[in-house]
Amino acid sequence: MACFFLFSLAKEALATSFPMPNIKGSLKRQNTKAVSQVTMQADQVSFSSSDNKAHAKGNVVVNSKDQHLFCDQLQLDRVVQEVVAQGNVYLDTSQENVIAQGLTYNFNDGTGEFRDARVYVDPYQIKGKKINKVSETYMTMDEGYMTTCDLDEPHFRMGAHRMDIYQHDRAVVHGMKIYLGNVPVMYLPYYVQDLKNRPILTFIPGEKKDFGLFLLTTARFQVGSHVKVSLHFDTRERDGFGEGFDVNYNTPNFGRGLVSAYYTDENQIASHHLWDLYRSNGVKRGPTTHHERYRFIWRHQWQIDRNTDAIWQIYKIHDYDIVNNGFLKKYFPREYGQGEPTDSYFLLTRNMPHGTLTFHIEDTRINRPLRGVEYYPQIQYVVNNEQIGKTGFYLKSANDFSNISHQNYPKTFNEKTLRFDTNNDISHPFKLGFIQLNPHLGGEETYYSRTANLDHQDIIRGLFRGSLDMSTRFYRVWDYHTNFAGLNINGLRHVITPTVTYLYQARPTFPASSLNQFDSIDDLYRIHQFAFGFENQLQTKRNGQVVDLLRALVTTNFGLKGTTGHRGFNPYDLLVDFNPTNWLTFHNDTEYDFHADHVNSANFDGEIHGAGWSFSLGSRYARKQGDQITTEWDYTINPKWKFKIYDSFPLTYALDGNPTSAREVEYVLTRDLHEWEVDFSVDSLEKQGTTFYVLFRLKALPNMKLNFASASFRDSRAGALN
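Quick notes on the rules
Residues numbered from 1 in each chain as written. Predicted model: local features only at pLDDT ≥ 70, side-chain atom pairs only at ≥ 80, totals over all residues. Heavy atoms only, no water. Helix = DSSP H or I, 4+ residues; strand = E, 2+ residues; numbered from the N terminus. Areas by Shrake-Rupley, 256 points an atom, 1.4 Å probe, with all protein chains shown as cover. Buried < 20%, exposed > 50% of the residue type's maximum accessible area, 1.4 Å probe, protein only. Pairing = 2+ DSSP bridges. Core = buried A, V, L, I, M, F, W, Y, C linked by side-chain atoms within 4.5 Å. Contact = heavy atoms within 4.5 Å. Patch = residues over 30% accessible without salt bridge, like charges linked within 9 Å, V, L, I, M, F, W, Y side chains within 5 Å. Salt bridge = Lys/Arg side-chain N within 4 Å of Asp/Glu carboxyl O. pLDDT = per-residue confidence, 0-100. Polar contact = N/O pair within 3.5 Å; in protein donor to acceptor, adjacent residues only side chain to side chain.

### Some details on the overall build of the chain
Turning to step 1, where the next piece is worked out: A tally of regular secondary structure across the chain gives three helices and 42 strands.
Turning to step 2, where the next piece is worked out: Split by element, the accessible area of the chain, about 38,200 Å² in all, is 57% carbon and sulfur.

Listed below in structure tokens is the structure:
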């Protein structure tokens, strides 16, 4: 069935003409989240109940999830969450950064109009009198230009009377003029610029301890309008040959996906190089070991309709060292470092009028040595903070039905249960004087068909939960200006934000120790505590922007009688950021264990920089893991050349006697080739040897690299190196 469906998708994808679908999200499991509320801070804020609009003036800051807006003044429509902003406007989102004189922007769908604006959409810079963001992937620009040059006054640019930009796909230009500096050198009435293609053929030679000498080759080409293929042909001196492919496809009706496979028939020699295979007496240094290793992935995402998404993955790996993820560590270090999921799953998400419904299947039997918790299926319905009528009370409700099993490999146990869990919370936020209060009352009930003790079946576990959130905000402003020692202080504002949360969670009616632990629902226990937070911010203005001169945040919790764990104060967390000048910054975060009277972890970073140079010093300490110092010195020799030295070394050893990390020293000489940069680097890693590499990097496309003899290639492909 899977083969038949893949064939059908391929047939659809190879069609020569159909409209580009609007793909949202990424190829990974994720639950659709409800739109978060918009929060606003300013020197002056007023509300109009007649039209439900808010007006703000002076140092305005608006936040909504990963969207942050700064401006001098704005008007916010609280119903549709749309703002009209004026004056020194800066918008920071996950999609783009915008600098404008004015804008209209909707926080719900991310659309808007930017006036006299400059938009940064990696790796491009777009400037125009009017820029309209129509959707997540489509915007228009009138009377402006696009460039990959990262300067405010670009060396070259593509001017246009009008431009339609489909992000990461193409730009359709009407009335195109190419400028070198301010000189026009070409004119075309109509032009289409490709924004996505990469080099057709790349070769990466080099040397690495595990591979010996190697040559990694990738050929990229496009089949039809919506299928991209990458073929990998690699040879490694110590292991032999490896080959694979990546197919990215887009279909008109069934979404998009990736099919990837990589295979190697290893014949690993005992020596580091072929010419060193035999000793001087003619005796072979050791046997040649043979291993067959491969990985296959099919990931697919399908936006079935406006409110429904489906995501699935089939993942198969064959490796003699599968328990230690040896194949991923050696051949796919980037994916291994990111914790690539090795399970197969299916996730269907549906946005309902008042919540989110998900249907989830997770299977680990395809890779039996990596077996974990399996769901056949898991069905969830979540209500996200819905107001109950017009009472001012809000309801959160999470309901979960799961058929769960867990086996180890080789099989020595088989844990399974049918579980139904409902977790409900009612809150009523209000303000009492200058204190913001939000009391919560709720509880959680869970049915289990089986427990860890087979004598206890068909049980219901329950618990009560109540909490109270309290917070307020004090600030004072001083009209103080000085540039003593380069402080560049233009007014001072001291903001104090204390927070207190009281939480009482009763002891469950059935203990967690008698349940099989599948996920966080099973691990509930009694909690009786206060959580405290105290934040101090000393702010000023620099270059028209509000900055934190000093920020200090202390958090801890205090366990009361009957709580699980320590009574009294638990570890303190301290976070400090200090920015005394534009050329000096400090950061420190520390965790102190009150009961054991010692520091659990401490990290410090300091950086000083001047015209053409910078020096940073860092310290990393973790109890039972040791201490490490890092330094980095960067120096710009002239506009074309710069130099960097990076050094990290352990000061102490872990409890097992091994260094916490290997000593590493790296020297990098960089040459500016206008739109390109080339790095000549020597990297010495303790007990792993020294690597020399040459790296060509397009400044506007830093992920697009031509790499020679490198141990730092970061492209997501088979054979990528650490």
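### Some points on unusual backbone geometry
Turning to step 1, where the next piece is worked out: Omega for the bond connecting Tyr 376 with Pro 377 falls within 30 degrees of zero, at -10°, which places this linkage in the cis form.
Turning to step 2, where the next piece is worked out: Within the secondary structure, Pro 377 sits in strand β22 (residues 373-387).
Turning to step 3, where the next piece is worked out: The backbone phi angle of Gln 81 is positive, close to 55°, even though this residue is not glycine.
Turning to step 4, where the next piece is worked out: Phi is positive for Asn 325, close to 55°, though the residue is something other than glycine.
Turning to step 5, where the next piece is worked out: Tracing the chain through its elements places Asn 325 in the loop between β19 (308-318) and α2 (326-331).
Turning to step 6, where the next piece is worked out: When its relative accessible area of 22% is taken as the criterion, Asn 325 is described as partly exposed.

### Details of the pairing of strand β4 (residues 67-77)
Turning to step 1, where the next piece is worked out: Relative to β4, strand β3 (residues 53-64) is paired through 10 bridges, and the arrangement is antiparallel. The partner of Val 61 across the bridge, within β4, is Phe 70.
Turning to step 2, where the next piece is worked out: The loop that links β3 with its antiparallel partner β4 comprises two residues; one of these, Lys 65, has a positive phi angle of about 50°.
Turning to step 3, where the next piece is worked out: Taken together, the eight bridges between β4 and strand β5 (residues 82-92) define a ladder with antiparallel strand orientation. Each bridged residue has a counterpart across the sheet, and for Gln 73 the counterpart in β5 is Gln 86.
Turning to step 4, where the next piece is worked out: Turn length for the β4-β5 hairpin, with the two strands adjacent in sequence and antiparallel, is four residues, and the turn residue Gln 81 shows positive phi of about 55°.

### Quick notes on the nonpolar core
Turning to step 1, where the next piece is worked out: Leu 69, Leu 74, Leu 103, Phe 114 and Met 163 are the most contacted members of the largest nonpolar core, which totals 35 residues.
Turning to step 2, where the next piece is worked out: If near-sequence neighbours (up to four positions away) are discounted, Leu 69 is found in contact with Val 60, Val 61, Val 62, Leu 74, Val 83, Ala 85, Val 89, Tyr 90, Leu 91, Leu 103 and Phe 107.
Turning to step 3, where the next piece is worked out: The next biggest cluster of nonpolar side chains, apart from the first, holds 13 residues, and it includes Phe 211, Phe 214, Ile 317 and Phe 327.

### Thoughts on a nonpolar patch on the surface
Turning to step 1, where the next piece is worked out: On the surface, a cluster of nonpolar side chains totalling about 720 Å² of accessible area is made up of Met 352, Leu 357, Phe 359, Ile 379, Phe 401, Leu 418, Phe 420, Tyr 447 and Ile 460.
Turning to step 2, where the next piece is worked out: Contributions of two or more residues to the nonpolar patch are made by β21 (356-363) and β24 (414-427).
Turning to step 3, where the next piece is worked out: By the secondary structure assignment, Leu 418 is in strand β24.

### Overview of the confidence of the model for the chain
Any residue range with low pLDDT should be treated as having predicted coordinates unsuitable for detailed reading.
Turning to step 1, where the next piece is worked out: Averaged over every residue, the pLDDT of the chain is 82; the share at 70 or more is 86%.
Turning to step 2, where the next piece is worked out: Counting contacts from residues 655-660, a segment whose pLDDT is below 50, to residues more than four positions away or on other chains yields 10 contacts.
Turning to step 3, where the next piece is worked out: Here residues 700-722 scores under 50 on pLDDT; set against residues more than four positions off or in separate chains, the count is 87 contacts.

### Focus on the side chain of His 360
Turning to step 1, where the next piece is worked out: In this structure, His 360 sits in strand β21.
Turning to step 2, where the next piece is worked out: The buried category is assigned to His 360, whose relative accessible area is 10%.
Turning to step 3, where the next piece is worked out: For His 360, the side chain forms a polar contact with the side chain of Glu 362, separated by 3.1 Å.

### Brief notes about the pairing of strand β27 (residues 457-471)
Turning to step 1, where the next piece is worked out: Across 14 bridges, the pairing between strand β26 (residues 435-450) and β27 is antiparallel. Bridge pairing in β27 links Gly 443 to Phe 464.
Turning to step 2, where the next piece is worked out: Between β26 and β27, which pair antiparallel and follow one another directly, the connecting turn spans six residues.
Turning to step 3, where the next piece is worked out: Where β27 and strand β29 (residues 489-505) come together, seven bridges link them in antiparallel fashion. Note on β29: the bridge partner recorded for Gly 466 is Tyr 504.

### Remarks on the environment of Tyr 635
Turning to step 1, where the next piece is worked out: Considering the arrangement of structural elements, one finds Tyr 635 in strand β37 (residues 626-638).
Turning to step 2, where the next piece is worked out: Residue Tyr 635 is classed as partly exposed on the basis of its relative accessible area of 37%.
Turning to step 3, where the next piece is worked out: In the structure, Tyr 635 is positioned 20 residues away from Phe 615 in sequence and 8.7 Å away in space, judged by C-alpha atoms.
Turning to step 4, where the next piece is worked out: Residues contacting Tyr 635, with those up to four places away along its chain left out, are Gly 612, Trp 613, Lys 642 and Phe 643.

### Re the environment of Thr 585
Turning to step 1, where the next piece is worked out: Along the polypeptide, Thr 585 turns up in strand β34 (residues 584-593).
Turning to step 2, where the next piece is worked out: You can call Thr 585 partly exposed: its relative accessible area is 26%.
Turning to step 3, where the next piece is worked out: Sequence separation of Thr 585 and Leu 549 is 36 residues, and the distance between their C-alpha atoms is 9.6 Å.

### Thoughts on the environment of Phe 70
Turning to step 1, where the next piece is worked out: With respect to the helices and strands, the residue Phe 70 is situated in strand β4.
Turning to step 2, where the next piece is worked out: With a relative accessible area of 29%, Phe 70 lands in the partly exposed category.
Turning to step 3, where the next piece is worked out: With 29 residues separating them in the primary sequence, Phe 70 and Gln 41 have C-alpha atoms 9.8 Å apart.
Turning to step 4, where the next piece is worked out: With sequence-adjacent residues up to four places away left out, Phe 70 is seen in contact with Val 60, Val 61, Asn 88, Val 89 and Tyr 90.

### Points about the pattern of salt bridges
Turning to step 1, where the next piece is worked out: This structure, assessed with the given rule, holds 20 salt bridges.
Turning to step 2, where the next piece is worked out: Residue Arg 350 pairs with Asp 305 through a salt bridge whose shortest N-O separation is 3.1 Å. In this pair, Arg 350 sits in strand β20 (residues 344-351) while Asp 305 sits in strand β18 (residues 289-305), placing the two residues 45 residues apart along the sequence.
Turning to step 3, where the next piece is worked out: The partner of Arg 419 in a salt bridge is Asp 522, and the shortest N-O contact between them spans 3.1 Å. Of the two residues, Arg 419 is situated in strand β24 and Asp 522 in the loop between β29 and β30 (527-542); the sequence distance between them amounts to 103 residues.
Turning to step 4, where the next piece is worked out: Residue Asp 522 is classed as buried on the basis of its relative accessible area of 0%.
Turning to step 5, where the next piece is worked out: Members of the salt-bridge network, linked through shared partners, are Asp 239, Glu 266, Arg 293, Asp 319 and Lys 330.

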